[in-house]
Amino acid sequence: MPAAALEEYCGSVFWNASFLDRADPDLPVCVEQTVLVWIPLASLWLCAPRHLVTLFSRGVKTKHLSKLYLCKQLVVCLLFLSAIAGLAVTLGEDYGPGRDAISTEKNAGVFYANPVLFAVSWILLLLCQEGVRRRDGAVDSATLFLFWLLLVVCDILPFQTLLREALRLGEIRDVPRFCLFYISFGLELIALVLSALADVPREAEKRVKKNPEAGAAFLSRITFNWLNSMMVKGYKRPLVQEDLWDLKEADSTAYINKHFQRTMQSELCAARARFQNKLKKKTTGGKNRVSAQEEAFQSSLSNSLGKGVSQDVLMMEEKGKKEDKKKEKKNKEEENYPKSWLIPTIYKTFKGVLIESAFFKLLTDLLAFAGPQLLKMMISFTQDMSIHTWTGYVYAVLLLLVAILQSLFLQQYFQRCFVLGMKVRTAIMAAVYKKALVVSNDTRKESTVGETVNLMSADAQRFNDVTNFIHLLWSCPLQIVLCIVFLWLELGPSVLAGLAVMVLMVPINGLLATKARKIQVENMKFKDKRLKIMNEILNGIKILKLYAWEPSFQAQVEGIREEELIVMRKFAYLNSVSTFIFACAPALVSLATFAVFVGVSSENVLNAEKAFTSISLFNILRFPLATLPMLIAAMVQATVSRKRLEKFLGGEDLDSDSVSHDPSFNTAVSVCDGSFAWEKEAEAVLRNVSLDIKPGRLVAVVGAVGSGKSSLVSALLGEMHSIKGSVNIQGSLAYVPQQAWIQNATLRDNILFGSAHEDRRFQQVLQACALVPDLELLAGGDLTEIGEKGINLSGGQKQRVSLARAAYSQADIYLLDDPLSAVDSHVGNHLFDQVIGPNGLLRDKTRILVTHGVSFLPYVDEIVVLVDGVVSEVGSYHSLRARRGAFSDFLDTYAKEQSNKTQTEAEPGIDTAEVELVPEVEDPQADSPLDDVVSVTLKRESSIRRSQRNGSVRLRKNSSIKKTAAVEESKKGQRLIEKETMETGQVKFSLYLQYLRAMGWGYSAIVFLVYFIQNVAFIGQNLWLSDWTNDAVDYYNMTYPTWKRDTRVGVFGALGVAQGVFVFLGTLLLANGSIAASRILHSRLLNNILRVPMLFFDTTPTGRVVNRFAKDIFTVDEAIPQSFRSWIICLLSVVGTLFVICLATPFFTIIIIPLAVVYYFVQRFYVATSRQLRRLDSVSRSPIYSHFGETVSGLSVIRAYGHQERFLKHNEITIDENLKSVYPWIVSNRWLAIRLEFLGNLVVFFAALLAVIARESLDSGLVGMSISYALNVTQTLNWLVRMTSELETNIVAVERVSEYAELENEAKWVSDTRPPEKWPEAGRLRFENYKVRYRPELDLVLHGVTCDINSTEKIGIVGRTGAGKSSLTNCLFRIIEAADGRILIDGTDISTIGLHDLRSRLTIIPQDPVLFSGTLRMNLDPFETVSDEEIWRVLELSHLKDYVTGLQKGLQHEVAEGGENLSVGQRQLLCLSRALLRKSRILILDEATAAVDLETDNLIQTTIRKEFSHCTVLTIAHRLHSIMDSSRVMVLDAGKIVEFDSPSNLFEKQGHFYAMAKDAGITGVDITAL
C-alpha cells in the first residue's frame, strides 16, 4: 500500500523523516494506527489455527474451569466491549444526532477498521484460550504470552504519544478515545500477567508435585525458574536420592528405549541386507584361501593341545602363525558385521530435538555478530557529538535486548543438546543391556564381561559427549566465515594476516596434542604398574607385616612414582607451551592484523571503531578455532566406540529355536542324535547324543573332567550351537550352575528370584537346603544384604542358596550342574537326601544331576556316562557296575582317592572341602593359554577346585562359641565394614591451604604474582590500543608519521608477547609446584598406609584403599592443577574487566556492589546443589554397571528361568534412578548460566548506559574498550563459577588422601631399645597371663595364657576353630597388641622393642602362600642381602632347584600377580625357602589346610625336621598326624590352655586331645606322621 493510500486511510501524514530528526523524536500517528496494530494481530492470526485444532478434535475430555481461566476470558470479554465502544464512538461522531450538519468530513477509515479488527481478534482469542484449556498437559501457551507481550510493547508508543500531546496542549483533545485507549492498555497489561501464570488442572496437581517442570509456565521454562525449589533445598541441606523429582515420560528409559529399538530394528535389517549383498560379491574370491589357512591353524592347535605341549613352546609356535593370521584377521575383522547403521538410527530416533536445537544454535550464532556492530555504532556515537543523545540510549537498550535474546536462545540450545546427549547415552545403555540378554556365544566370547560393561559405560558416555556438541560441526565453520566477512568489511585484506596466524596455530596445537597423547599413554603405563603393586601390597599386607618387608615395597612404589612424576612434569611443560601459544594467539592475531593494516598504506588510520569492533570479532573467532580440533578428536574417539557398539549390537543372537517345546512327546527331556558346539565354526563338543528322560526321574551324569558334562546341560538350556539333531523339553526349567551365581540383593530375594513369597514353602526350602543354621549367623536373617558376587557368603553357602533358588521355583525340570562339589561332605549328603534324592523335596520332578560324588550314584534312577563328548553308557547303577565299562573305570579311580583320605581326614569339627575332591589328576592343559572350549571348561573346573580347597570356609555347625559371638556382634550393631563416608556440605577452606602448603608457599605466591602481572600486561595492551586509536582524531586529515606508527605497533606487540611469556612462566611454576604437592601427598599416604595396624585392613575393603591411590591421587596429580590454573585465570580476567569498565566510567563502581552480591548468592546456591547432584549421579551410576556385570555373568541362569523381561525392567529402573540426578544437574547448569548471563548482560548494559550519560568527558577509545570487555565478561563469569565448583569438587580428593594419611599407626618400626645383634639366641618363649582382644569393643580372644617353652622344643598347637590358635601367632608378631600380660623371648619383653626388630627375628610359614609379582629372587629376598649361592642352596633344600634351573631366566623368572603361574605346591615350597633363608631361632608354622597335596606336605615336613632341628618350632595343626611326634602339644579351647603335655601323656589322660584324635581316626601315639 503506497504511502498516499495509507495517508487517506489514516487521515494524517504516514511518514516524515523530520519526526525523528530532533532531540525529542516521535512516530507519526498514522504509523502507530496501522503498522503497530497489524504486527501483534498478525502474530495472533498466524498462531490461532494451532489452538483451534484442539477445539474440533474429538474425544477431548473437558477439564474443570479454573479461576485463572475465567479471569483470562473475562479480561478478553472486557477488551471486546472496549473495541465495540470504540466503534460506537466513531459511528456516533459520524452519524450521531449531536453532530454538526455543517462539518461534512467524516472520520478516516482507520477509525472503523481498527475497532472491527480488534473485536474479531478478541473473539478469536476467546476460542484460542478455550483450545489451550482443552489441550492435554498444557498449563499455558507460549504463543499467546508472546502475543500479549508484543501487543503491550507496540502500544507503549501510542501511550507516550497521547500523553505527550495532552501535556503539550494542556488539555485532552479526544476524551472518549483517550479513555478507551488507556482502559484497554490496562486490560492488556492484566492479560499479559495472567498469561504468564501456569494454569495447573486439578488432575495434574499430583504429577506436578513429583515433577514441577510439568507445571511450569512459559517464562519459568525459559528461565528454568521451576528448578528454584530444588536449588533452595540443596542449599539448606545436602540433597538425597529421595529429594529428586520424577522424570518426564519422554525422558524415561522405557520410552526412549522403545523408540530407539523400533528405529534400530529397521535400520539394522537394512544394514544386514547390505552386508549380505557385499558378502555375496566377496565370497567368489577370497574365501577359499582363508579357510584353508584357518583349517591348518586349527588342526595344529588341537594337536599341540592333545600332546600337552608345554606352554612356552605353544606360545612360540603361535607367535609365528599370529603374524600371518593378523593380516587375515584384519580383513575379516573389517568385514564380519553390518556397518554404519548406528548413527542413522540415533538421528532418526531423535531428529526432532536435533532440528530444534540446530534452529536455536543458528539464531544464537547470528545474534553474536550483532554485538560488535552495535559496539561500532556506540563508538561512532561517542565520537560524533551531532548525533542526538536518544540514539545512544536506543543503542544501550538494543545491546541489552540482543544479549538477553542471545542468552535465552543459547541456554535453550544447550538444554536440548545436553538432554539429547543424556537420551542417546540412555538409549545405548538400554540397547546394550537388552542385547546382552539374547547374545549368542560367538558374540559373547569376543568380549569379556569387563569389555561389555565398558560398552555401557565408556562408549555410551563418548556418544553422550559428542552429541552435546554435535552442532558445532556446522556452527564453527559458519561462525568463522561470518567473522571473516565482517572483519573484511572493517579492515579489508589485511585480515588475512591475522587469519594466517590463527590457521598456523592449528597444526602447532595438533602437533602438541599428539605429543601430549604419547606422554599420556606412557603415564598410564606407570600408573597401572604402580596400582598393580599397590593392589598386591594391600592384598598381601599381612605377609609384609609378618616378614617386616614393608620398606622394600615402599621403595618399589616410590621408584615407580618418581618415574611417573618425571613423565607428569614432561606433560606439564608441554602443557605450558600450548598454554603459551594459546595465550599469545589473540595478541599475535590482532598485532598481525593491525600492523599489516597500518603498514599497507598511510591512508589507513586505525580508529576506535575499527580497532574495537575487530577485537570483539576476533574474540568471537577464538572459540570456534579452539573447539574444532577438540571436537574432531572427540569424533574420532566416538567412531571407535561406534565400531565397537555396531559390532556388539549387530552380532548374532542366540538361536531361540534350538530347543523345541513340543507337548506331544511322552518324555520330559529328549535329545535325538544331537551334536553341539559352543560356536558356529568350532568343532562339536558333544557328538551324536541321544537321550530320553521320562518325567519324574532322577538322572545322574558322570564322566571325567572335560568329558562334556556341563556342555550337555548347556545344550539342554539352548546355550549351545546345535549342529544337527533336536532337543525337546516339556515344561519349565530350573538350573543350578556349577559356580553359584548370586545377586547383590537380600538373601530372600536371591532365593525367591522374582516369585511371590509364600512363607511355608520358603521355610521348607530353607530347611531342606541346610540354610537355617547359616541364617542364624547372619545379622539380618534372610533379609541380610549379600554383597557383589556373594562376597559375604562362603562357597558352600552360595551353592546352597543357588540350589534353594531352584527348589523354590517349582519348575518341572531341574538341571543341576554339580551343585554338591562346593559344599562339605555331610552337608552334601543332607542336600541329596532332603532336596535332590528319591525322598527329597523334588522327588516328583525330573532331575538331571551332574556329579562327582560316587556315594550318591546307587540312589539314582539312571546314570549317563560321558566319555569325550559321547554318551558311552546309560543304565542303572547295578547294571553299569556289571558291565565293567567306562563307568567301573570311573569308580575305580574314585576308590583309590577315597582310600588316601583316611590318613588325611581332618578334625571332625572342621568341614574341609577335602572329602569332595575330584578324582582326576589335574590336567597339564589346565593352564594352556588357548581359549577353545575344552580348555575353558578345564580352566574353570580346575580353578573351582583350587578355590574349594584353599578356601572352604570352615563354618562349624556345632559350635556354640561362634553363635554367641555372632549374637553379641549383632547386638552391638557392629558392622565389620564401616560405610564409606561421603563428604557433604561446603568444603573447608583449610583444604585449600593444605594443598598450597604442599605446593610450597613460595611457589603459590609467585604463581599468583606472575598471573597478576600477565593480566596487567593484558589491560596495558588494550589501554595502549585505545590511546593509539585516538591518533585518528589527533592526526585528522594529516599524514600519519612513520615513527609514531612503528612505536604504536612495537609496544602493542611487546605487551602481547609479554602476556604470553608470563602465562608460560606461571604455568611452569604451577606445574613444578603441583608436582611437588603430588609427591608429598602420595608419599605421606603411602608411608602411613604401610604403618597402619592390621585391624584397619580387616575392616576396610581393599577397593576403598586402592581408590585413594588411584582416583584421588589422579585428581591431585592432574585435575587440581588444571582447575586451579583455570580458576586463577578466570578470576583475574573478571577482576580486570570490571577494573577497565570502572576506569572508563567511574560510576560503574556503584553498580558492581549489588551485582557482586547477587552473583555470590547464585554461585553458592548452585555450587551446593550441583556438587551434591554430581555425587548422587556417581553413586547411582555404579549400580547400573554392577547390575549389568552381574547379569552378564549370570546370563545362563537368567535365560534358563526365563526372567529376561524382569531384568530388563530392573535395568530400566536403575537407569531411571541415575537419570533422576543427571537431568536436574543438566538443568542446574542452565539455571546458573541463564542467571549469570543476565548479570553479564546488565554489566554490558550499564557500561553502555554510563558511556552514553558521560559521553562529553569520554574519549571513544575507552568506550570501545570498556564495552568490548563487557561483551566478553558473560562467558568469563560463567566459567568462574564452573571452575570454582570444579575446584571444590576436586579439592575433596586432598581431604580423602589426608584422611588416610592421618590414620593411627601401629607401634614404631624401630624403637630406642634395640635387641642385641644375635637375639634371640636360645629361642625361649614365655607367656605371662597373656590376654588379647581384636578391637577395643570386642571380647577377649585369649583369656590369660601362661606357659613356658624351652629352647629347641617342638610344640604342636591344636584346638577347634575359634579356639584362638591363629591369635597366638598374631600376638607373637604383635599384629594385635596385648590387652594385659606380656610375652618374653629370651627374657626380653617383646612389647618394648620396635616391630621390625621383632618381626625380622621370627619366621613364619603362613597358611596361604602369598607371592608378589616380581622376580623369584625378589620374592625370596626383597632387600637383596643374601648371595645367589645362598639362595640356590635354599632352593635345593626346598626341592625347587630342578624347577628353577629349568626356567629360562632362573632366579629372574617373573612371578605373575598372586603367583598365578606357579602351582599351589610350588608356592608353598617357596614360602618354605623364605623361612630357610631367614635362619631365625623361632619358627612358627601355620599349617596349610587343604592347599597342598600329600607329596608336598611330606617334603615340607621332612625339610623342617632336618633344617630347623636347632630351633624352637610352634606348629598350628589342622591335621593331627603332623604333630604326633612333637615334644609337647598345647590344646586350646575358647582362648585358654586346657591341656599342655607330651602326646603320649595326653593320650593316657583321655581328655580333649584324645577325643580329637579318636575323631581323626588316630588310635595311639605309634602312628607317627606319614
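Keep in mind it's a predicted model, so treat the numbers as computed, not measured. (Residues numbered from 1 in each chain as written. Predicted model: local features only at pLDDT ≥ 70, side-chain atom pairs only at ≥ 80, totals over all residues. Heavy atoms only, no water.)

(A) Highlighting the nonpolar core. Judged by nonpolar contacts, the single largest core of 270 residues is most densely connected at Trp122, Trp148, Ile863 and Phe887. In this structure, Leu1085, Ile1291, Tyr1300 and Leu1372 belong to the second largest nonpolar core, which totals 89 residues. (Core = buried A, V, L, I, M, F, W, Y, C linked by side-chain atoms within 4.5 Å. Buried < 20%, exposed > 50% of the residue type's maximum accessible area, 1.4 Å probe, protein only.)

(B) Broad picture of the pairing of strand E13 (residues 1354-1358). With 4 of 5 residues buried, E13 lies mostly within the body of the structure. Bridge count between E13 and strand E21 (residues 1528-1533): 4 bridges; the pairing is parallel. Of the residues in E21, the one forming a bridge with Gly1356 is Val1529. (Helix = DSSP H or I, 4+ residues; strand = E, 2+ residues; numbered from the N terminus. Pairing = 2+ DSSP bridges.)

(C) Quick look at the environment of Ser1257. Within the secondary structure, Ser1257 sits in the loop between helix H41 (1204-1253) and helix H42 (1260-1301). Given the relative accessible area of 63%, Ser1257 is considered exposed. Of the polar contacts made by the side chain of Ser1257, one reaches the backbone oxygen of Ala1254; its length is 3.1 Å. (Polar contact = N/O pair within 3.5 Å; in protein donor to acceptor, adjacent residues only side chain to side chain.)

(D) Representation of the pairing of strand E9 (residues 862-867) in the model. Summarising burial for E9: 5 of the 6 residues are buried, a large majority. Where strand E4 (residues 698-703) meets E9, 5 bridges bridge the pair, whose relative direction is parallel. Each residue of the ladder has a partner; that of Val699, found in E9, is Glu862. In this structure, E9 lies alongside strand E10 (residues 870-875), joined through 5 bridges in antiparallel fashion. In the sheet register, Val864 faces E10, and the bridge partner there is Val874. The hairpin turn running from E9 into E10, its antiparallel successor, is 2 residues long, and Asp868 in that turn takes a positive phi close to 50 degrees.

(E) Seen up close, a nonpolar patch on the surface. On the surface, a nonpolar cluster with roughly 510 Å² of combined accessible area is contributed by Tyr235, Ile1153, Val1157, Tyr1160 and Phe1161. The element best represented in the nonpolar patch is helix H39 (residues 1148-1193), accounting for 4 residues. Inspection of the secondary structure puts Ile1153 in helix H39. Among the residues examined, Ile1153 registers a relative accessible area of 56% and is labelled exposed. (Patch = residues over 30% accessible without salt bridge, like charges linked within 9 Å, V, L, I, M, F, W, Y side chains within 5 Å. Areas by Shrake-Rupley, 256 points an atom, 1.4 Å probe, with all protein chains shown as cover. Salt bridge = Lys/Arg side-chain N within 4 Å of Asp/Glu carboxyl O.)

(F) A look at the sheet that holds strand E8 (residues 846-850). Read across the sheet, 6 strands follow the order E6-E7-E8-E4-E9-E10 without closing on themselves; strand pairing throughout is mixed. This sheet does not close on itself; its edge strands, each paired only once, are strand E6 (733-736) and E10. Adjacent strand axes in the sheet meet at a mean angle of 15 degrees, parallel and antiparallel pairs treated alike. Running over the sheet, helix H28 (residues 795-808) touches E6 and strand E7 (813-817) and is turned about 175 degrees from E6. (Axes fitted to C-alpha atoms, helices over the stretch in contact; angles between N-to-C directions. Contact = heavy atoms within 4.5 Å.)

(G) Region of the structure containing the side chain of Gln129. If you trace the backbone, Gln129 turns up in helix H5 (residues 110-134). Gln129 sits in the buried class, given a relative accessible area of 7%. Once residues lying within four places of it in the same chain are set aside, the contact partners of Gln129 are Tyr69, Lys72, Gln73, Val76, Leu144 and Trp148.

(H) Fine view of the sheet that holds strand E22 (residues 1536-1541). With respect to topology, 6 strands assemble into an open sheet ordered E16-E19-E20-E13-E21-E22, the strand pairing being mixed. Unpaired on one side and paired on the other, strand E16 (1402-1405) and E22 mark the two borders of the sheet. For this sheet, the mean angle separating the axes of adjacent strands, direction not counted, is 20 degrees. The pairing of strand E19 (residues 1482-1486) with strand E20 (residues 1512-1516) spans 5 bridges and is classified as parallel. Residue pairing for E20: Ile1484 is matched across the bridge by Leu1514. Strands in contact with helix H43 (residues 1365-1372) are E13, E16, E19, E20 and E21; relative to E20, the strand with the most contacts, it is inclined by about 145 degrees. Along the sheet, helix H48 (residues 1464-1478) contacts E16 and E19; its crossing angle with E16, the most-contacted strand, is approximately 170 degrees.

(I) Representation of the environment of Arg642 within the structure. With respect to the secondary-structure elements, Arg642 resides in helix H23 (residues 608-649). The class for Arg642 is buried, based on a relative accessible area of 17%. Once the C-alpha coordinates of Arg642 and Phe463 are considered, the two residues, 179 residues apart in sequence, prove to be 8.3 Å apart. Filtering out sequence-adjacent residues up to four positions away, Arg642 remains in contact with Leu342, Ile343 and Phe463.

(J) Seen up close, the environment of Glu242. Tracing the chain through its elements places Glu242 in the loop between helix H10 (228-236) and helix H11 (253-307). Note: C-alpha distance between Glu242 and Lys1220 (978 residues apart in sequence) is 10.0 Å.

(K) Up close: the confidence of the model for the protein. On average, residues of the protein score 81 in pLDDT, and 88% of them reach the 70 mark or higher. Per-element averaging of pLDDT across the protein places helix H33 (residues 960-972) at the bottom with 35 and helix H7 (residues 175-195) at the top with 94. Contacts of residues 289-333 to residues separated by more than four positions or lying in other chains number 27 contacts, the stretch itself having pLDDT below 50. In the predicted structure, residues 897-976 sits below a pLDDT of 50 and forms 131 contacts with residues beyond four places in sequence or in another chain. (pLDDT = per-residue confidence, 0-100.)

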